Amino acid sequence: MNVPVEEGYFRIPEEAGASPVLLGSYSPAAKTYFWPRRKRCPISLEAVEDCELSTEGEIYSWTFVVMPWLGSQEMDAGGGFGAGQVDLPEGVRIQAPLEGKMGDWAIGQKVRLVTRTVGKDEAGNELCTIAFRLVEGAK
Amino acid sequence: MSLGRDVYVIGVGMHRYGKHDVSRRDMHYTAGMAALEDASISFREVGALYTGYIGGNMLDGVTFAKDLGLTGLPVVHVENASATGSSAFREAVMAVAGGSSEVAMAIAFDGRLGNMAAAGGPRRPTMDTNLLPAAFFAFWAVRRMHDNGTTVETFAKIAAKNWNHARFNKYAERQAEQEITPEMVLAAPMVAYPHTAMMACGAGAGASAAIVATREVAEKLANGRPLVKVIASQMQSERYQPGHVFLGAIVGPSESTRITANLAYEEAGVGPNDLSLVHVHDAFPIEELMYYELLGICPDGEGDRLVAEGATAIGGRIPFSTDGGLIGRGHPGGPTGLAQIWDITQQLRGESGVRQVEGARLGLAHMMGAGSVCVVHILQKE
C-alpha cells in the first residue's frame with residue numbers, strides 16, 4: 001500500500017492511476033491559496049480554510065541534481081534526478097522532483113502530480129513523496 | 001543606530017576555513033583569542049558573548065567559552081542557519097547599542113558539513129528535505145537564463161573571480177596554487193545544472209570572531225588605526241511574495257534582500273553607490289549575480305554586464321566577495337557572517353595586503369539564513 005512519507009501534505013486517492021492531491025489552504029481575506037496548509041493567512045493574519053489544489057501545473061524552473069535519489073545512498077542509473085518548481089493554476093508554487101532525464105524539461109511545460117517511492121515503513125507500506133511528470137502531448 | 005549608542009568594531013579574528021580536522025573547540029579558541037588580541041583587550045573586559053553554531057551539542061557555546069575565562073559574563077547561543085554568525089554579530093551590536101554592555105563579542109564556529117551529517121546518521125526523507133539548497137539555487141539560475149539570457153559562462157566568471165580572491169586569503173578554504181579560469185570552473189563535475197562543483201561554496205570547518213564596543217572604548221584602543229563604525233544592522237524574515245515557496249531548502253523570496261538592504265541604507269543614510277565593497281551569501285554564483293541587482297548596485301537585469309566588465313573583482317568599480325566569499329573562503333555555516341565582518345573591518349583599516357580595495361570607506365555584509373532570514377550590516381571607516 002502506498003502512503004505519504006508524512007501526513008498533512010497530500011493524500012493518495014484509491015483509484016488506480018489517479019494523481020495525489022495536495023492539501024492546501026485558502027485565505028478568503030487575501031483571496032490567496034497556499035501549500036502546505038497554513039495555520040493562519042500569512043498576509044491578512046486571518047483564518048484560512050482547508051482546500052485541495054490542482055493536480056496539474058506548469059514548470060516555472062527546473063534542474064538536474066547529480067546525487068542519489070531521496071533516502072538512497074547510491075546513485076541510480078540516470079546519474080541523478082530532475083527537480084522543478086511548478087506553478088499551479090491557484091498561484092501556488094511547488095518544489096518537487098521531476099520524472100525524466102536531463103534534456104526533457106523546459107520552462108512552461110505542463111506537468112501533473114504523481115507519487116514516487118522513497119522507502120518502506122515498519123508495516124511494509126511504500127512511503128511516497130510527490131513528483132511531477134510531463135503531461136503527454138503537451139508542449 | 002536605532003537603539004541609541006554608536007557601535008564600533010574593535011577586534012576581529014579567524015581560524016582558517018577548510019577540510020581539516022581541528023576540533024570545533026580549538027577553532028573557537030583560536031578565533032576568539034585572535035579577536036581579543038586584535039582589540040588589545042582581555043576577555044575580562046567583554047560584557048556579553050554571543051556564540052553561534054549550527055552543528056554540535058547545545059552546551060558547546062557556553063562550554064567552549066570557559067577556555068577564554070570564567071568571568072561570569074552572559075553567554076547566549078545564537079542559531080540562524082547560514083546567518084548564524086551575522087545574527088550573533090547583530091546581537092552583540094544590539095547589546096552595545098542598547099546600553100547593556102560596553103564591549104560585546106560574537107564567536108561562531110562549525111565543523112565539516114559531512115561530519116555533522118554523519119553524526120546525525122542517515123535520516124528518513126521528509127517532505128521538508130525533498131530537495132537540497134543546490135537545487136533551490138539552480139532553480140534561480142535556470143529561470144534567470146530563461147528570462148535574461150544569462151549564460152553559464154557568466155556564472156563561471158563569478159565563481160572564478162571568487163576562487164582567485166581566495167588565493168590571497170590565508171584563512172580561505174580554497175587557496176588555489178594557480179589562477180582559476182572560467183573554463184576550469186565549467187570543466188568541473190556538475191552538481192545541479194547549471195552549477196558545477198567549482199561554483200558551489202566550500203563546506204569545510206572554521207571559526208570567526210568579532211568584538212564591538214562603544215565609541216569611548218574604541219577611541220581608547222584605536223592606537224592609530226581608523227575606527228570602524230557599524231552604521232546599519234538590519235534583519236528581516238520573509239514577507240509574502242507571488243510564487244512564495246513555503247516548503248524545502250529555501251532562503252525565501254529573493255526580494256528579502258532588496259527589502260533588508262533598503263532598510264539598512266535608510267538606517268545608514270547611504271546608498272548603494274556609496275559602497276566600496278560588498279559581501280553576500282554567494283553559495284552559488286547565481287546568488288551573487290542577483291544580489292548585484294537586489295542590493296541596488298546596478299538596475300535589474302544589468303548584473304551580467306557588471307560581470308563582463310569585471311566591475312565586481314578587486315580593482316573593479318565595486319568589488320564583491322573580496323576574501324573569496326562563500327565560494328572561495330568557504331561556508332562552514334555558523335561562522336560565515338563573521339568572516340565577512342573580519343574582511344570588511346580589515347579592508348576599512350587598510351590591512352588587506354594584496355586584496356586591499358583602494359580607498360575603502362564603506363562595506364556591506366549580506367547573509368541569508370535558510371528558513372529564512374536576511375541580515376545586512378554596513379560598516380564605515382571613520
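Analysis parameters
- Residues numbered from 1 in each chain as written.
- Chains lettered and ligands numbered in written order.
- Predicted model: local features only at pLDDT ≥ 70, side-chain atom pairs only at ≥ 80, totals over all residues.
- Heavy atoms only, no water.
- Helix = DSSP H or I, 4+ residues; strand = E, 2+ residues; numbered from the N terminus.
- Buried < 20%, exposed > 50% of the residue type's maximum accessible area, 1.4 Å probe, protein only.
- Contact = heavy atoms within 4.5 Å.
- Areas by Shrake-Rupley, 256 points an atom, 1.4 Å probe, with all protein chains shown as cover.
- Lys, Arg positive; Asp, Glu negative; His and termini not counted.
- Charge placed at Lys NZ, Arg CZ, Asp CG, Glu CD.
- Pairing = 2+ DSSP bridges.
- Buried area = accessible area lost by both parts, 1.4 Å probe.
- Polar contact = N/O pair within 3.5 Å; in protein donor to acceptor, adjacent residues only side chain to side chain.
- Nonpolar A, V, L, I, M, F, W, Y, C, P; charged D, E, K, R; others polar.
- Phe/Tyr/Trp six-rings, centres within 6.5 Å; stacked < 30°, edge-to-face > 60°.
- Lys NZ or Arg CZ within 6 Å of the ring centre and 35° of its normal.
- Axes fitted to C-alpha atoms, helices over the stretch in contact; angles between N-to-C directions.
- Left-handed = near helix turned anticlockwise from the far one by under 90°.
- Core = buried A, V, L, I, M, F, W, Y, C linked by side-chain atoms within 4.5 Å.
- Parallel < 35°, antiparallel > 145°, perpendicular 65-115°, else oblique.

> I'd like a rundown of the overall build of chain B, residues and numbers included.
Looking only at helices and strands, one finds 13 helices and eleven strands in chain B. Along the first, second and third principal axes, the C-alpha atoms of chain B reach 55 × 50 × 45 Å. Relative to its full complement of 382 residues, chain B shows a buried share of 61%. Pairs at least 24 apart in sequence give 77% of the contacts found in chain B among residues at least 6 apart. Of the roughly 13700 Å² of accessible surface on chain B, 51% is carried by carbon and sulfur atoms. One way to put it: in chain B the 31 positive side-chain charges average out to a point 3 Å from where the 39 negative ones average out.

> Tell me about the overall build of chain A, residues and numbers included.
Helices and strands together make up the secondary structure of chain A, namely zero helices and ten strands. In sequence order, the secondary structure elements of chain A are arranged as β-β-β-β-β-β-β-β-β-β. Considering only C-alpha atoms, chain A reaches an extent of 50 × 40 × 30 Å along its principal axes. Residue burial in chain A is summarised as follows: out of 139 residues, 45% are buried. Of all intrachain contacts in chain A linking residues separated by at least 6 positions in sequence, the fraction that spans at least 24 positions is 49%. On chain A, roughly 7000 Å² of surface is accessible, and the fraction owed to carbon and sulfur atoms is 48%. Across chain A, 14 positive and 20 negative side-chain charges occur, with their mean positions spaced 5 Å apart.

> Can you lay out helix α10 (residues 285–294) of chain B for me, pointing to particular residues and giving the numbers?
Residue and element names in this part refer to chain B. Taken across its ten residues, α10 has ten buried, putting it largely inside the fold. Among the residues making up α10, those that are buried are Pro285, Ile286, Glu287, Glu288, Leu289, Met290, Tyr291, Tyr292, Glu293 and Leu294. Count one or two residues on from α10 and you reach Gly296, which has phi positive near 80°.

> A description of the environment of Pro125 of chain B should follow, citing residues and the corresponding values.
Secondary-structure assignment places Pro125 of chain B in the loop between α4 (113–120) and α5 (133–148). A residue is classified by how much of its surface remains accessible, and Pro125 of chain B, at 13% relative accessible area, is buried. Along the backbone, Pro125 of chain B and Gly85 of chain B are 40 residues apart, and their C-alpha atoms lie at a distance of 28 Å. Setting aside residues up to four positions removed in sequence, Pro125 of chain B forms contacts with Val5, Leu70, Gly71 and Val118 of chain A.

> Break down the pairing of strand β7 (residues 81–87) of chain A for me, citing the residues and quoting the values.
All names here are of chain A. The buried count for β7 comes to six of seven residues, which makes it a mostly enclosed element. Sheet analysis places β7 next to strand β8 (residues 93–98), joined by six bridges and oriented antiparallel. Considered in β8, the bridge of Ala83 is made with Pro97. Between the antiparallel neighbours β7 and β8 lie five residues, among them Gly91 with a positive phi of about 90°.

> So what's going on with the interface of chain A and chain B? Residues and values would help.
Taken together, the contact pairs 38 residues of chain A with 29 residues of chain B. On the chain A side of the interface with chain B, the three residues burying the most area are Arg93, Gln95 and Ile107 of chain A, jointly 20% of the side's total. On inspection of chain A and its partner chain B, the count reaches seven residue pairs in polar contact (both at pLDDT 80 or more). Those elements that provide at least two residues to the side of chain A that touches chain B are β4 (32–34), β6 (56–65), β7, β8 and β10 (126–134) of chain A. Per-element accounting of the side of chain A that touches chain B gives the leading share, six residues, to β6 of chain A. For the side of chain A that touches chain B, a count of residues per class yields 24 nonpolar, ten polar and four charged.

> Please set out the packing of aromatic side chains residue by residue, giving values where relevant.
Tallying each qualifying case throughout the model produces 16 aromatic pairs over all chains. Here Phe137 of chain B and Phe284 of chain B contribute two aromatic rings whose centre-to-centre distance is 6.0 Å and whose plane-to-plane angle is 35°, an arrangement assigned as tilted. Linking Phe137 of chain B in helix α5 with Phe284 of chain B in the loop between β9 (277–279) and α10, this pair joins segments that are 147 residues apart in sequence. Phe284 of chain B carries the same exposure label as Phe137 of chain B, and that label is buried. By the ring-pair criterion, three or more aromatic residues cluster together here, those being Phe136, Phe137, Trp140, Phe284 and Tyr291 of chain B. When the ring centre of Tyr60 of chain A is taken as origin, the NZ or CZ atom of Arg93 of chain A, which lies over that ring, is 3.4 Å away.

> Describe the packing of α5 of chain B against α10 of chain B, listing the residues and the values that go with them.
Residues and elements named next belong to chain B. Following both chains from N to C, one finds α5 and α10 inclined at 60°, their axes separated by 9 Å at the closest point. For the pair α5 and α10, the crossing hand works out as left-handed. Between α5 and α10, the contacting residues are Phe137, Trp140, Ala141 and Arg144 on the first element and Ile286, Glu287, Leu289, Met290, Tyr291 and Glu293 on the second. Partitioning the contact of α5 with α10 into residue classes produces seven nonpolar, no polar and three charged.

> Tell me what's going on with the nonpolar core, and back it up with residues and numbers.
Core analysis: the biggest nonpolar cluster contains 63 residues, and Leu275, Val278, Ile286, Leu295 and Ile378 of chain B have the highest contact counts within it. If you tally residues by element for this core, the top one is α5 of chain B, at seven residues. Within the second largest apolar cluster, 36 residues are counted, among which are Phe10, Ala83, Leu98 and Val118 of chain A.

> Tell me about the packing of helix α6 (residues 152–166) of chain B against α10 of chain B, residues and numbers included.
All names here are of chain B. Running from N to C, α6 and α10 cross one another at 95°; their axes reach a closest spacing of 8 Å. One way to sum up the angle between α6 and α10 is to call them roughly perpendicular. Contact residues: Thr154, Phe155, Ile158, Ala159, Lys161 and Asn162 in α6; Pro285, Ile286, Glu288, Leu289 and Tyr292 in α10. Its residues assigned to classes, the contact of α6 with α10 comprises seven nonpolar, two polar and two charged.

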